[in-house]
Amino acid sequence: MKVTVDQDKCVASGQCVVAAMEVFDQREEDGIVVLLNAEPPAEQADDIRHAAAVCPAVAIEVRD
Amino acid sequence: MTSTVNPLDERDAKAPEYPMARAAGCPFDPPPALRDKQQEGPLARVRLWDGSTPWLATRYADQRALLADPRVSADINRPGYPRQAPMPPGGTGVSFILKDDPEHARLRRMVTAPFAIKRVEAMRPGVQKIVDDLIDELLAGPNPVDLVEAFALPVPSLVICQLLGVPYSDHDFFQDNSKVIINRNVTPEQRSVAHGNLLAYLDDLMGEKIARPVDDLLSGLAGRITAGELARDEAAQMGVLLLIAGHETTANMIALGTLALFEHPDQLALLRDTDDPRLIASAVEELLRYLHITHSGRRRVATADIEIGGEVIRAGEGLILANDIANRDPDVFAEPDRLDLRRDARRHVAFGFGVHQCLGQPLARMELQVVYSTLYRRIPTLRSAAELDRIPFKHDGSVYGVYELPVTW
Ligand code: HEM
Ligand code: SF4
């Protein structure tokens, strides 16, 4: 699974961090998304898909 | 000239009034007419207080698509924007909630850091203490008591005051003015005066924070003013937005949520008997979905023609996204009218969707998790002291809730 994030679109809602803390974090200065792992293991797939689904800015893309 | 009626005019003439009324005896369910619209089709026309007839979108998927669409504007000063109430005389300055990108993003990003998940988690012990202290006071005070005044309002007010750096001793002043601003039935003059009061108050505070900055959100904005990144009136407007949005909404979720749990004793028992943080978090999401307190719809205007569900929304036409009925969309939530604290409700749109999705949601979630996991455990016999039909609901507010909730234990 490959994950990408778009920091320009991100509105710092933190929804992805709540959904998958191993994969997403937020920048200290403005809460914008930071990708911790662009190729996470399969067992995190559900959480990551959920993060992409609830991201209000549609800033997370997931490819298999 | 022909005498045939333009079908568009006819549709407008038949447009029902919005907001619609809830059914008597069903204070937790959206208006039945909204459900009818959702079943009839994706888009309908509705009539507002000023006679305008914007589009109403009722389905979950369409609402998310529209709220995330850059051709959809939240700018209240654009012609066609479906206003909740008449424009106050002289207009009012608005903060980023009613602006579009890039202005919206520029301002929002100045205040996102304190709402990051880790920062909010670090506030949890402090919020727990606030909640515990208020419950101590409640138990030592009169019984029965109004839960709104004694608990639901003080919790988020104390929290937002601490975060912003606003003296809590001024709470009567800012709560009274907030109430006027979010009431749908006050005159534009009254709303304008209340807004002016808050703006002047925040401007004074900004002056103080510029002179003597401390470690709080408003001092952070003061620093940006000094650095030339932010105008002082922009800072004051942002302060007003955060102060109002930060306490009224959460307070309504606490009081209305408690009443909904009284009416669903099996669900209340679940919360009373658990210390599982996952169940508590899930309960918060479900209550947000089920109660959907921001019941006046997200308001927007199209800046280009947008095709949706076989209809075309024309550039300049107003749009109302009724998130309350989207949270009851049976295509997304099975048995949507059932309150089920164990369901996975995380996809709800109680905080909106798109770039304007609630900035304060991590804080609101944490506060509600602390409240719902503490109040009923510490006062296991807590119950309503009034019949449901005697409780005054905020049908006239842009945020739904109860004005009063007499409780006993
Ligand atoms: C349970 C409580 C809350 C609910 C249900 C709620 C709901 C909402 C909704 C639906 C919106 C979207 C408005 C739109 O798209 O037009 C919003 C925006 C906003 N909320 Fe909340 N809110 C809550 C708590 C808070 C708190 C605690 C704060 C904190 C200070 C806050 C600050 C804001 C701000 C600043 C915006 C504007 C965001 C933007 O335009 O980018 N809210 N809220
Ligand atoms: S969910 Fe989306 S908008 Fe929110 S922090 Fe993550 S990437 Fe940014």
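Above this note sits the structure.
Residues numbered from 1 in each chain as written. Chains lettered and ligands numbered in written order. Predicted model: local features only at pLDDT ≥ 70, side-chain atom pairs only at ≥ 80, totals over all residues. Heavy atoms only, no water.

1. Describing the site of ligand 2
Okay, so step 1: Ligand 2 sits among Cys-10, Val-11, Ala-12, Ser-13, Gly-14, Gln-15, Cys-16, Val-33, Cys-55, Ala-57 and Ile-60 of chain A.
Okay, so step 2: Here the shell around ligand 2 is built from residues that sort into eight nonpolar, three polar and no charged. (Near = heavy atom within 4 Å. Nonpolar A, V, L, I, M, F, W, Y, C, P; charged D, E, K, R; others polar.)

2. Some remarks on the coordination of the iron atom of ligand 1
Okay, so step 1: Looking at the iron atom of ligand 1, one finds just one donor atom contributed by the protein, Cys-358 of chain B (SG), at 2.3 Å.
Okay, so step 2: Following the sequence through the fold, Cys-358 of chain B ends up in the loop between helix H15 (323-326) and helix H16 (361-378). (Donors = N, O, S within 2.8 Å, 3.2 Å for Na, K, Ca; no water. Helix = DSSP H or I, 4+ residues; strand = E, 2+ residues; numbered from the N terminus.)

3. Side note on the site of ligand 1
Residue and element names in this part refer to chain B.
Okay, so step 1: The immediate surroundings of ligand 1 are formed by 27 residues, with His-104, Arg-108, Arg-300, His-356 and Cys-358 found nearest.
Okay, so step 2: Measuring from an oxygen atom of ligand 1, one finds a side-chain N or O atom of His-104 at 2.6 Å.
Okay, so step 3: Arg-300 has a polar side-chain atom sitting 2.8 Å from an oxygen atom of ligand 1.
Okay, so step 4: When contributions to the shell around ligand 1 are tallied by element, the ones reaching two or more residues are helix H4 (103-108), helix H12 (232-262) and strand S5 (298-302).
Okay, so step 5: Tallying contributions element by element places H12 first for the shell around ligand 1, with seven residues. (Polar contact = N/O pair within 3.5 Å; in protein donor to acceptor, adjacent residues only side chain to side chain.)

4. Focus on the pattern of salt bridges
Residue and element names in this part refer to chain B.
Okay, so step 1: Applying the stated criterion to the full structure yields 28 salt bridges over all chains.
Okay, so step 2: Residue Lys-129 pairs with Asp-133 through a salt bridge whose shortest N-O separation is 2.6 Å. Taken together, the residues span about one helical turn, with Lys-129 and Asp-133 both in helix H6 (residues 124-140) at a distance of four residues.
Okay, so step 3: Between Asp-203 and Arg-232 there is a salt bridge, and its shortest N-O distance comes to 3.0 Å. A residue pair is termed long-range when its members are at least 10 positions apart, and Asp-203 in helix H10 (residues 188-211) and Arg-232 in helix H12 qualify at 29 residues.
Okay, so step 4: A residue is classified by how much of its surface remains accessible, and Arg-232, at 33% relative accessible area, is partly exposed.
Okay, so step 5: Several salt bridges share partner residues, and in doing so they unite Asp-29, Arg-35, Arg-328 and Asp-337 into one network. (Salt bridge = Lys/Arg side-chain N within 4 Å of Asp/Glu carboxyl O. Buried < 20%, exposed > 50% of the residue type's maximum accessible area, 1.4 Å probe, protein only.)

5. With respect to the packing of aromatic side chains
Residue and element names in this part refer to chain B.
Okay, so step 1: The final tally for this structure, using the stated rule, is four aromatic pairs over all chains.
Okay, so step 2: Both rings, one in Tyr-60 and one in Phe-333, keep their centres 6.1 Å apart while their planes meet at 90°; by these two values the pair is edge-to-face. Of this pair, Tyr-60 sits in helix H3 (residues 60-67) while Phe-333 sits in the loop between H15 and H16; the two residues are 273 residues apart in sequence, bridging distant segments of the chain.
Okay, so step 3: In this structure Tyr-60 comes out as buried when scored by relative accessible area, which is 7%. (Phe/Tyr/Trp six-rings, centres within 6.5 Å; stacked < 30°, edge-to-face > 60°.)

6. Observations concerning the side chain of Asp-25 of chain A
Okay, so step 1: Checked against the element boundaries, Asp-25 of chain A lands in strand S2 (residues 24-26).
Okay, so step 2: Looking at Asp-25 of chain A, its side chain comes within polar contact range of the side chain of Lys-118 of chain B, at 3.0 Å.

7. Details of the nonpolar core
Okay, so step 1: Membership of the largest hydrophobic core comes to 91 residues, with the highest contact counts inside it found for Phe-151 and Leu-221 of chain B.
Okay, so step 2: The greatest single-element share of this core, amounting to 16 residues, is contributed by H12 of chain B.
Okay, so step 3: Non-local contacts of Phe-151 of chain B, meaning those with residues more than four positions away in its chain, are made with Val-131, Leu-134, Ile-135, Ile-254, Val-371 and Leu-375 of chain B.
Okay, so step 4: The next biggest cluster of nonpolar side chains, apart from the first, holds 19 residues, and it includes Val-11, Val-17 and Phe-24 of chain A together with Ile-117 of chain B. (Core = buried A, V, L, I, M, F, W, Y, C linked by side-chain atoms within 4.5 Å. Contact = heavy atoms within 4.5 Å.)

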